[in-house]
Amino acid sequence: KERAVYLPEGKWWDFWTAEQTEGGKSARRAIDLATMPLYVRAGAVLPIGPVRQYTSEPISDPVTLRVYAGADGHFTWYDDDGTGYAFENGEFIRAECTWNDTARTLTIERDPVGRMPLPHAVRVELAGGNQGRLVTLEPNGATVKL
């Protein structure tokens, strides 16, 4: 019915409820058979893709980049076709995503090493905040104010 989880120092977000908690201590979380305790560190940018049954399944919905505010953060977004070895020849996407918590901006910069273009659009949202918004990406990326 309940589980204790130790969270290191810092601010943390409950993935399921979007409630914030301070780390450096154990947190108690109600659980059931469908929900396990899952916490995300403040400053994280979490890519959430449309559900697929297999990696090459065609999708029409955009990837969502969910930002967990409360600290600056950075991550490298990587994607490829998921089916072969074309990535060895540069057929992949790599973009640096940087969250500036003070300015409330997410900057997405395409790494020119990968030859695949960025997706035309992504949905960007704040955890626990708005429903997000669809952002059209330029060939080299975008800066989004949240």
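Reference entry: report on the structure contained in this document. All values derive from a computational prediction rather than experimental measurement.

1. Let's talk about the side chain of Thr105
Okay, step 1: Structurally, Thr105 can be placed in strand E10 (residues 105-110).
Okay, step 2: If sequence neighbours within four positions are ignored, Thr105 has contacts with Thr98, Trp99, Asn100, Thr143, Val144 and Lys145.

2. Points about the sheet that holds strand E8 (residues 73-80)
Okay, step 1: Taken together, the four strands give an open sheet; going across it, the order is E8-E9-E10-E13, and neighbouring strands pair in antiparallel fashion. The strands lining the two open edges of the sheet, one partner per strand, are E8 and strand E13 (141-145). Strand-to-strand, the axes of this sheet are offset by a mean angle of 15 degrees, without reference to chain direction.

3. Re the pattern of salt bridges
Okay, step 1: Summed over the entire model, instances satisfying the criterion amount to six salt bridges.
Okay, step 2: A salt bridge links Arg94 to Asp111; its shortest N-O distance comes to 2.9 Å. With Arg94 in strand E9 (residues 92-100) and Asp111 in the loop between E10 and strand E11 (121-126), this residue pair connects regions lying 17 residues apart in the sequence.
Okay, step 3: With a relative accessible area of 17%, Asp111 lands in the buried category.
Okay, step 4: Between Arg104 and Asp101 there is a salt bridge, with the nearest N and O atoms lying 3.6 Å from each other.
Okay, step 5: Taking the relative accessible area as the measure of exposure, Asp101 reaches 17% and is therefore buried.

4. Remarks on the environment of Leu7
Okay, step 1: Within the element layout of this structure, Leu7 appears in strand E1 (residues 2-7).
Okay, step 2: Under the relative-accessibility criterion, Leu7 is labelled buried at 4%.
Okay, step 3: Measuring from C-alpha to C-alpha, the distance between Leu7 and Asp32 comes to 20 Å, with 25 residues separating the pair along the chain.
Okay, step 4: Excluding residues within four positions of it along the chain, Leu7 makes contact with Trp12, Thr21, Gly23, Gly24, Lys25, Ala27 and Tyr39.

5. A look at the packing of aromatic side chains
Okay, step 1: Applying the stated rule across the entire model yields four aromatic pairs.
Okay, step 2: Plain terms: the ring middles of Phe15 and Trp16 are 4.9 Å apart, the flat faces sit at 90 degrees to each other, and that makes the pair edge-to-face.
Okay, step 3: Overall, the relative accessible area of 23% leaves Phe15 in the partly exposed class.

6. Observations concerning the layout of surface pockets
To find leftover empty space, one rolls a probe the size of a water molecule over the atoms.
Okay, step 1: In this structure, the largest pocket spans a volume of roughly 370 Å³.
Okay, step 2: In terms of lining, the largest pocket is formed by 21 residues, of which the most central are Arg52, Ile59, Val63, Asp79 and Asp80.
Okay, step 3: Looking at the lining of the largest pocket, the elements that each hand over two or more residues are strand E6 (45-48) and E8.
Okay, step 4: Considering each element in turn, the lining of the largest pocket owes the most residues, four residues, to E8.

Procedures and definitions
Residues numbered from 1 in each chain as written. Predicted model: local features only at pLDDT ≥ 70, side-chain atom pairs only at ≥ 80, totals over all residues. Heavy atoms only, no water. Helix = DSSP H or I, 4+ residues; strand = E, 2+ residues; numbered from the N terminus. Contact = heavy atoms within 4.5 Å. Pairing = 2+ DSSP bridges. Axes fitted to C-alpha atoms, helices over the stretch in contact; angles between N-to-C directions. Salt bridge = Lys/Arg side-chain N within 4 Å of Asp/Glu carboxyl O. Buried < 20%, exposed > 50% of the residue type's maximum accessible area, 1.4 Å probe, protein only. Phe/Tyr/Trp six-rings, centres within 6.5 Å; stacked < 30°, edge-to-face > 60°. 1 Å grid on protein atoms, 1.4 Å probe; cavity = no way out; pocket = protein on both sides within 12 Å on 5 of 7 lines; lining within 4 Å. Points joined across faces, edges and corners; volume = space filled by probe spheres on them.

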